[in-house]
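# Residue-level structure breakdown
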Amino acid sequence: MRRALLAGLAAIALGGPGLAQPIDRHALVSRHDIRLTRVDPSAPLMVGNGQIGFTADITGLQTFPEAYSKIAPLLTEAQWAWHSFPNPNGYTYADGTTPIDVRGTQQPYAYMKDWNEAATRPALAWLRENPHRFSLGRVALDLRAKDGQPAKFADITQTDQTLDLWTGVLTSRFVYDGEAVMVRTRVHPTLDMIVVDVDSALVAQGRLGLSVKFPGVSKALNPDPSDWSNPGGHLTKVTGEGAKTLSLARQIDQTRYFAALRADEAVSFTPDGPHGFKVAPRAKGRTLGLEVAFSRAALPALPAQAIADQAVRDHWKTYWTQGAAVDFSGSTDPRAAELERRVVLSQYLMALNAAGEVPPQEEGLFSNSWNGKFHLEMHPWHAAHFALWSRPEYLERSLPWYLGHLKDAQARAASHGLKGAWWPKMVGPDGVDSPSKVSPFIMWQQPHPIWMSELVWRDKPTKATLARYGELVEQTADLLASFPHRDDKGRFVLGPPIIPVQENYDPLTTFNPAFELEYYRWGLETAQQWRLRRGLARKPEWDVVIKGLAPLATKDGLYLPTESTPDFWDVAKSAECSRHAVEEKCLNRDHPSFLMAYGLLPGKGVDRETMRRTLRAVERDWDLRQTWGWDYPMVAMTAARLGEPDKAVDWLFFDAKNNKFGLSGMTPRVHLDAHAQAFVPTSAGAGAPAGAPVGQDGPGYSRAAETYFPSNGSLLAAVAMMAGGWDGSTGPAPGFPKDGKWRVRAEGFKRLP
């Protein structure tokens, strides 16, 4: 990895002298440590390792959940922790499908015409809700007043919390009843284990210990799946106990997992109800240390706390010193320091939330949305940046999920009369597509395994990479070649049915979305290159499709989002729709995804000047209130590839409710009430019910989530492109302005295709 650090070293003072010394990684990271002196109700801080995430309050644990927003629960979620409610009716995927006429044949789609349809077709509800993520447990302080009553949050004073990014240690200090308390919290890098130590005179007084409790699973899965009201609905069994250790087996319906507690000194484990334990030292002293581990299988002996602590520190030092880095110090543009902060914090958050064994959900391990399921169309925005930042091993933690579900994807393609592997949109670890108004018709995720495998190859151009992902690329490309069909003009076209990235289109009438056309073309050509690398000949049938795919549709010198909406820009620029797309006829909202055809992609089939004019039209007429957190970096990538670095930076800082990076580095997910229901029902967290009070985002808006991690992942992808370049770009940091205000020191990046 030292090679990765030095390779591609590009340090430049734009408008000034050339090469400089390697970046001081410790200084770069540490100047963005997070410090809180009061509660941020929207953003409790997180520690984790990519497989497990622990969300902590201002005490460093999960002591006062009531101090936080209802959509910022204090959870302990793991990438492997999934539960399903009982299924007495034996619902299967087939029970959630609806036959859709596709050019004279009936094909099965997991389609819901309306969210309310779940009330009359219970199979839809069950399949959509199951499996789902749940919280493994709560680790909190057991803090008591002198009369033995639990402490109240209002009595906590002088709070001071620091997240040391370089070491991964969260240190929390406060005063209670005149006594100082210090809590240190971190997560082991390879064990799903929270490591805690407490220091206070209150420990010696018997008024401060630790509490470990286990919830059931609530019927309301979003954003907090924890149920504390039904102790009879789950089981906690002690399977072993010693002077320093406690082993537990947990069962919720058919879901089983294990927990283990370990202290360095003798402690008491006192039952606290059927699913909880209080932990206190047996000897008088002011310190208490505890490890709390979770696992799918019975846990072996846990390491001593000093060993665990060193493992955490070593892990984070390795993370920050290996891979790419970008340093904006010395820039005079007033936005430079904030961009650097966002970049550093995003790297931390994505290591926690997007580096596990399955593709991440959009809220990572912070809270639940869409029942905790992951959206495969978002996988590259979550994790592709790891490869661009020369950390491909983090992407490769989740990429094998596709290998494990390749046969399922082939069966799905076959059910539609197609070859290859058809990847679903909204799924759990079982790979079963979830019924939805939108999901079954989304098709832009299909080339993703090729895109991500190609990024890994560019980091690791070895026979092992080709052997591992070659069949995945092959089967994915077979779908890309068999899904398009010839129209009466002899062209290969996409859809109907299809819904583009921009989800506000009728699937049964839409065809030839711009980005998807270019992405399928790129995917097939890249798959051909993979065949050549593997010593195989090009597939003639793929070349036929590559050559015959319809060009991107245009009108009046602008790219159309879809060929099926020739009047799109005429309507978009009208007085009723321009920048205010509330009426149903106004489609100029949601993702301006056609821009990705020349930005995220190299755009071999794109005319550069037509795309430039199209970007101007977006700036002029798009309702940018109704965009998502990943849209702004995505547009910045298009501006950068067009040779407009000033606009690229402007887009990274576009003033929108979904582009506000808080103290923790997270961005919210905010919807305009007028169209929130189009994405997810109110019961699942979007759209304000009638009579609801005005929220923090102002009238007409509803905050559906306190975090949306595609914002962070897309930012890292865009900055990697802007700082590290793309195929065909020239000079260092080609995506940043050359006005003398930006000093960009970049090292270790891989170029974007």
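Counting restarts for each chain, with residues numbered from 1 along the sequence as it is written. Note on the predicted model: pLDDT of at least 70 is required for a residue's local features to be given, and 80 or more for side-chain atom pairs to be given and counted; whole-chain, interface and lining totals, by contrast, use all residues. Only heavy atoms go into the side-chain values, all of them from the structure, while hydrogens and water stay out.

Next up on the list: the pairing of strand E32 (residues 701-705). Each residue is assigned to one of three classes by its accessible area relative to the maximum for its type, calculated with a 1.4 Å probe on protein chains only: buried under 20%, partly exposed between the two thresholds, exposed over 50%. Strands here mean DSSP runs of E at least two residues long; helices mean DSSP runs of H or I at least four residues long; both are numbered from the N terminus. Across the 5 residues that make up E32, a large majority, 4, are buried. Both strand E31 (residues 669-672) and E32 contribute to a ladder of 4 bridges, which runs antiparallel. Residue Val-670 lies in a different strand from E32, and its bridge partner there is Arg-703. What makes two strands pair is DSSP finding at least two bridges between them.

What follows concerns the state of the cysteines. Whenever a pair of cysteine sulfur atoms sits within 2.5 Å, that pair is classed as a disulfide. Evaluated as defined, the whole model comprises 1 disulfide. Across the disulfide from Cys-577 sits Cys-586; the S-S distance is 2.0 Å. An S-S torsion of about -70 degrees defines the bridge between Cys-577 and Cys-586 as left-handed. You'll find Cys-577 and Cys-586 in the same group, each marked buried.

This part takes up the side chain of His-315. Tracing the backbone through its elements, the reader meets His-315 in helix H6 (residues 305-321). Its relative accessible area of 17% is what places His-315 among the buried residues. Every residue pair with non-hydrogen atoms within 4.5 Å of one another is taken to be in contact. In this structure His-315 touches Pro-189 and Tyr-394, once residues within four positions along its chain are discounted.

Before going further, it helps to examine the confidence of the model for the protein chain. Segments scoring low in pLDDT should not have their predicted coordinates read at a detailed level. Across the protein chain, the average pLDDT comes to 95, with 95% of residues at 70 or higher. As a per-residue measure, pLDDT tells how confident the predictor is, with possible values from 0 to 100. Within the model, pLDDT remains below 50 along residues 1-18, and this stretch shows 47 contacts once partners closer than five positions in the same chain are excluded. Contacts from residues 681-688, a stretch scored under 50 in pLDDT, to residues over four places away or in other chains number 18 contacts.

An ideal rise of 1.5 Å per residue puts 21 Å on 15 residues; helix H22 (residues 710-724) measures up with 20 Å between its terminal C-alpha atoms. Across the 15 residues that make up H22, a large majority, 14, are buried. Once H22 finishes, Gly-725 follows within two positions and takes phi at roughly 95 degrees, a positive value. The length a helix should cover is 1.5 Å for every residue beyond the first.

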